[in-house]
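Here's the letter readout for the chains.
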Amino acid sequence: MKTGKTVYTCRECDYQSAKWLGRCPGCGAWNTFEEETYAAPPKSAAARSAGRLTGARPGEKEHAVRFGDVDMPSYLRHSTGIGELDRVLGGGLVEGSVILLAGEPGIGKSTLLMQLCGQIGDSCKVLYVSGEESRGQLKMRAERLGVNAEYLYVLTETSIGDILSEYDKIKPDLMIVDSIQTMYAEDVSSASGSVTQVRECASLLIGRAKCNGASVVIVGHVNKEGGIAGPKVLEHMVDAVLTFEGERSMPHRIVRAVKNRFGSTNEIGVFEMGERGLEEVPNPSAMLLEGRPTGVSGSCAVCVMEGSRPLIAEVQALVTPTVFPSPRRTSNGVDYNRVCLLLAVLEKRLGLKFSACDVYLNVIGGLRLDEPAADAAVCLALISSLRDIPLPDDVIAFGELGLSGEFRSAASVEQRVNEAVRLGFKRIALPKRCASRAGELPADTALIPLSGIYDALRLFREQEGKNSGEKE
Ligand SMILES: Nc1ncnc2c1ncn2[C@@H]1O[C@H](COP(=O)(O)OP(=O)(O)O)[C@@H](O)[C@H]1O
Ligand SMILES: [Mg+2]
Ligand SMILES: [Zn+2]
């Protein structure tokens, strides 16, 4: 193709370059660049208006409008019938919104959407487009999940043109496209799953949906090895991005809103995968604490806010003398750089020799702690493992650590404390400056206000005393 301009785009992060590159400067991935040819803008007015958001008739021009004359749209939300999914979406599915559901293959995306089809009821006309499974397979899944979706329309097709013409015939309120990587648009020459195809197919779907006010759920695969375009390519085109996380070997799954134009982000929904599909977990803290060892060093409970909901998780650390010239650090569930920063603060302010140790950090349950309020628990787990002194089992900690070793204030203190109390923690370590916001406590529960990391050592001193008392 000589007509268009050629650019090279990273499949993973959408980084663009004029030349092909082996390693992406944006995300560091290797071999992810793909040639993309920008076609000239479409000549026909119909094609141009496909991408418009206002639904102007083909041939009409857009005009600037005084903001005061813009009508307030009334967004209609439909409950999905799945409480945890409603929570993530900000209260339900907004009419005319486009949602990307991203996750690794086999994590349960099709399962969740089939259950959604069963729950959303016959008040809503749903078209399920599958490019991966046959009608029979879809039926079998519905049967296994106990989903009664007699009113569901299914279409097994991968050509966007044909899908859109079926769409125009059926006029559904909700269309599910599973998955975007299997779809192709006829007038794009590259293979399905390439950046160009994924972007073109999505923009055609979104354009049509925005005109007709239908909701669209697009399924996108995330593939660690590369090879197919990642959801990053679509992130800015859709209204909401939900990611489906979890380890395949473990039953629980977390759906997280990483972008949401109609609700708050960081809200999570927790599910458990079973024989009958995904079940909602109403009490995720209890699930995450299940099987927590007692009296072992290197473990600390933390209360983090996931959106509007407090969640209790367990941080585990293993600190061992290193045999390598530069010590190893691995972190699962906490940002790697954050862990390095905390190790440096502990080394500098408390004189703890982490620089001679390998450090392995893990958050139980595949949870990711993005909040700095997890610092306190990470530090306690690290110190506990380094010194091999267990923390008392009824201790929970939260609070952000500053570079001088001071604990900063935290938000939503009362909610965190209440959740900790509900799950039976008796001693709650928190930044001193927000201790007054903890609300009322039961008589047997105490706050441990910490002004700096030095104060946290008190918790260990107490245990040391107890240990030596036992030995005598
Ligand atoms: N017959 C079955 N019994 C129980 N669980 C099943 C069965 N078939 C599939 N699953 C579960 O469903 C998952 C596949 O879910 P699916 O929704 O197809 O994933 P995705 O669409 O994200 O690729 C499997 O990983 C497995 O855990
Ligand atoms: Mg699937
Ligand atoms: Zn990249």
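Below or above, wherever it landed, is the structure these notes cover. (Residues numbered from 1 in each chain as written. Chains lettered and ligands numbered in written order. Predicted model: local features only at pLDDT ≥ 70, side-chain atom pairs only at ≥ 80, totals over all residues. Heavy atoms only, no water.)

Examining the packing of helix 5 (residues 160–170) against helix 6 (residues 195–212)
Next, step 1: Following both chains from N to C, one finds helix 5 and helix 6 inclined at 15°, their axes separated by 10 Å at the closest point. Here helix 5 is positioned roughly parallel relative to helix 6, judged by the angle of their axes. In this structure, helix 5 meets helix 6 at a crossing whose hand is right-handed. Residue-level inspection shows Ile 160, Leu 164, Tyr 167 and Asp 168 of helix 5 in contact with helix 6, the latter providing Cys 201, Leu 204, Leu 205, Arg 208, Ala 209 and Asn 212.
Next, step 2: The residue inventory of the contact of helix 5 with helix 6, partitioned by class, reads seven nonpolar, one polar and two charged. (Axes fitted to C-alpha atoms, helices over the stretch in contact; angles between N-to-C directions. Helix = DSSP H or I, 4+ residues; strand = E, 2+ residues; numbered from the N terminus. Parallel < 35°, antiparallel > 145°, perpendicular 65-115°, else oblique. Left-handed = near helix turned anticlockwise from the far one by under 90°. Contact = heavy atoms within 4.5 Å. Nonpolar A, V, L, I, M, F, W, Y, C, P; charged D, E, K, R; others polar.)

Quick word on the pattern of salt bridges
Next, step 1: Enumeration according to the criterion identifies 23 salt bridges in this entry.
Next, step 2: Taking the shortest distance from any N to any O, the salt bridge between Asp 394 and Arg 427 comes out at 3.2 Å. Taken together, the residues span a long stretch of sequence, with Asp 394 in the loop between helix 10 (375–387) and strand 19 (395–397) and Arg 427 in strand 20 (residues 427–431) at a distance of 33 residues.
Next, step 3: For Asp 394, a relative accessible area of 23% translates into the label partly exposed.
Next, step 4: Among the ionic contacts, a cluster of salt bridges with common partners joins Glu 245, Arg 256, Glu 306, Arg 368 and Asp 370. (Salt bridge = Lys/Arg side-chain N within 4 Å of Asp/Glu carboxyl O. Buried < 20%, exposed > 50% of the residue type's maximum accessible area, 1.4 Å probe, protein only.)

Focus: the site of ligand 1
Next, step 1: The local shell around ligand 1 consists of Glu 104, Pro 105, Gly 106, Ile 107, Gly 108, Lys 109, Ser 110, Thr 111, Arg 141, Arg 144, Met 273 and Glu 275.
Next, step 2: Contacts to ligand 1 include Ile 107, whose backbone N or O atom sits 3.4 Å from an oxygen atom.
Next, step 3: The set of elements that each furnish at least two residues to the shell around ligand 1 consists of helix 3 (109–119) and helix 4 (135–145).
Next, step 4: By residue number, the principal contributor to the shell around ligand 1 is helix 3, which donates three residues.
Next, step 5: In terms of residue class, the shell around ligand 1 is built from three nonpolar, four polar and five charged. (Near = heavy atom within 4 Å. Polar contact = N/O pair within 3.5 Å; in protein donor to acceptor, adjacent residues only side chain to side chain.)

Overview of the pairing of strand 6 (residues 98–103)
Two faces belong to every sheet, and in a regular strand the side chains alternate between them.
Next, step 1: Most of strand 6 is tucked away: six of the six residues are buried.
Next, step 2: Side chains of strand 6 alternate between two faces, with Val 98, Leu 100 and Ala 102 and Ile 99, Leu 101 and Gly 103 buried alike.
Next, step 3: Examined bridge by bridge, strand 6 and strand 10 (residues 215–221) share six bridges and lie parallel to one another. Counted as the bridge partner of Gly 103 is His 221 from strand 10.
Next, step 4: Of the strand pairs in this sheet, strand 6 and strand 11 (residues 240–245) are connected by five bridges, and their pairing is parallel. Pairing of Ile 99 across the sheet is with Ala 240, part of strand 11. (Pairing = 2+ DSSP bridges.)

Digging into the coordination of the zinc ion (ligand 3)
Next, step 1: Every protein donor of the zinc ion (ligand 3) is listed here as Cys 10 (SG), Cys 13 (SG), Cys 24 (SG) and Cys 27 (SG), and their distances to the metal cover 2.3 Å.
Next, step 2: Coordination at the zinc ion (ligand 3) is tetrahedral, judged from the four donor atoms that bind it and the angles of 106 to 112° they form at the metal.
Next, step 3: Look at where the donors of the zinc ion (ligand 3) fall in the sequence and you get C-x2-C-x10-C-x2-C.
Next, step 4: Assessed through its relative accessible area of 0%, Cys 10 is described here as buried. (Donors = N, O, S within 2.8 Å, 3.2 Å for Na, K, Ca; no water. Tetrahedral: all angles 85-135°; square planar, octahedral: opposite > 155°, others 65-115°.)

Section: the sheet that holds strand 12 (residues 252–260)
Next, step 1: If you trace the nine strands from one edge of the open sheet to the other, you get 8-7-9-10-6-11-12-13-14, paired in mixed fashion. Edge positions in the sheet fall to strand 8 (153–156) and strand 14 (277–280), since each of these pairs with one other strand and no more. On average, adjacent strands in this sheet sit at an angle of 25° to one another, irrespective of strand direction.
Next, step 2: As paired elements, strand 13 (residues 268–274) and strand 14 share four bridges and run antiparallel to each other. Residue pairing across strands places Glu 272 opposite Glu 279, the latter belonging to strand 14.
Next, step 3: Strand contacts of helix 4: strand 7 (126–130), strand 8 and strand 14, with the helix running at about 140° to strand 8, the strand carrying the most contacts.

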